[in-house]
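Structural overview for review
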Amino acid sequence: LPTKNLLAAEPAPLDVTWANTALVIIDMQRDFLEPGGFGETLGNDVSQLTRAVRPCGDVLKAFRAAGLLVIHTREGHLPDLSDAPPAKIERGAPSLRIGDPGPMGRILIRGEAGHDIVEALYPANGEIVIDKPGKGAFYATELGDVLKQRGIETLLVCGVTTEVCVHTTVREANDRGYRCVVLADCCASYFPEFHEMGLCMIKAQGGIFGWVSSSSEVLAALN
Ligand code: C5J
């Protein structure tokens, strides 16, 4: 593996030093991607997210083969809901609320089947899994410390959904000084138009809070 590569991205290519780069896979959980979970209770068509699984798996495989840092995140709450703000639990008119029993266990609760990561992207032994109560992966988690300890400067970001947890995490990371490259085909939204505009928002204005690239560009740079 070369020490660094020029990664094709928008609005401009960037130098990536692999030793200080992490792959961050946001919330690829059954609760968002499979029927019967949190995403579906909100009225969403969960099949919209499937397209991100294969490209995300390709980048994950390449990161593992190169021995690079992989971090998975999961959105969810403690069984007693002590970390779930009432404003989040009580919002809207979902078919089931956070904590209610559903076909994959209690909705968005840590330890339940629905909270786990989808089979195709399941964390390997030793990979870091960050459990987060919010949309952003830095809020009330150890992610900042984990990245600091390892000297990480650049994040390649995948996951769901583009305009919610991916955006929130990238905005948090950008403010903390990380260079964030969002891999377009490795992310998805229940609303394809939000996905497209979400990516535009990141890369506009000279890359106002990040870059946008793709799985094929990362694979090309790594090989
Ligand atoms: C949402 C997420 N959309 N992971 N969570 O509620 O994007």
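Residues numbered from 1 in each chain as written. Predicted model: local features only at pLDDT ≥ 70, side-chain atom pairs only at ≥ 80, totals over all residues. Heavy atoms only, no water.

Structural notes on the sheet that holds strand 4 (residues 69-75)
If you trace the six strands from one edge of the open sheet to the other, you get 7-4-3-8-9-10, paired in parallel fashion. Strands at the two margins of the open sheet, each flanked by one partner only, are strand 7 (128-132) and strand 10 (211-213). Looking at each pair of strands side by side, their axes are set apart by 25° on average, direction ignored. Sheet topology note: the strand 4/strand 7 ladder contains five bridges and is parallel. Counted as the bridge partner of Glu 75 is Lys 132 from strand 7. Each of strand 9 (179-188) and strand 10 is contacted by helix 7 (residues 192-207), which is oriented at about 165° to strand 9, the strand it contacts most. (Pairing = 2+ DSSP bridges. Helix = DSSP H or I, 4+ residues; strand = E, 2+ residues; numbered from the N terminus. Axes fitted to C-alpha atoms, helices over the stretch in contact; angles between N-to-C directions. Contact = heavy atoms within 4.5 Å.)

Some details on the pattern of salt bridges
All told, the structure shown has 10 salt bridges when counted by the stated rule. In this structure, Lys 132 engages Asp 27 in a salt bridge whose closest nitrogen and oxygen atoms are separated by 2.7 Å. Of this pair, Lys 132 sits in strand 7 while Asp 27 sits in the loop between strand 3 (21-26) and helix 1 (30-33), and the two are 105 residues apart along the sequence. Under the relative-accessibility criterion, Lys 132 is labelled buried at 0%. On the accessibility criterion, Asp 27 (0% relative accessible area) is buried. Among the salt bridges present, the one from Arg 110 reaches Asp 83, with a minimum N-O distance of 3.6 Å. Here Arg 110 is found in the loop between strand 6 (105-106) and strand 7, whereas its partner Asp 83 is found in the loop between strand 4 and helix 4 (86-89), with 27 residues between them in sequence. Using a relative accessible area of 22% as the deciding quantity, one classes Arg 110 as partly exposed. Linked through salt bridges whose partners overlap, the residues forming this network are Arg 74, Asp 116 and Asp 131. (Salt bridge = Lys/Arg side-chain N within 4 Å of Asp/Glu carboxyl O. Buried < 20%, exposed > 50% of the residue type's maximum accessible area, 1.4 Å probe, protein only.)

Points about the packing of helix 3 (residues 53-66) against helix 8 (residues 215-222)
Running from N to C, helix 3 and helix 8 point in directions that differ by 20°, and their axes come no closer than 9 Å. Considered as vectors, helix 3 and helix 8 are oriented roughly parallel to each other. Our pair here, helix 3 against helix 8, has a crossing hand that is left-handed. Contact residues: Pro 55, Asp 58, Val 59, Ala 62, Phe 63 and Ala 66 in helix 3; Ser 215, Val 218, Leu 219 and Leu 222 in helix 8. Split into classes, the residues belonging to the contact of helix 3 with helix 8 amount to eight nonpolar, one polar and one charged. (Parallel < 35°, antiparallel > 145°, perpendicular 65-115°, else oblique. Left-handed = near helix turned anticlockwise from the far one by under 90°. Nonpolar A, V, L, I, M, F, W, Y, C, P; charged D, E, K, R; others polar.)

Digging into helix 8
What helix 8 keeps buried is the set Ser 215, Val 218, Ala 221 and Leu 222. What you see down the axis of helix 8 is that its buried residues fit within an arc of 130°, all on one side. Contact partners of the buried residues in helix 8: strand 1 (4-7), helix 3, strand 8 (154-160) and strand 9. (Arc of directions from axis to C-beta.)

Examining the confidence of the model for the protein
Here the protein averages 98 in pLDDT, while 100% of its residues score no lower than 70. Across the interface, the model reports ipTM at 0.96; the global pTM reads 0.98. (pLDDT = per-residue confidence, 0-100.)

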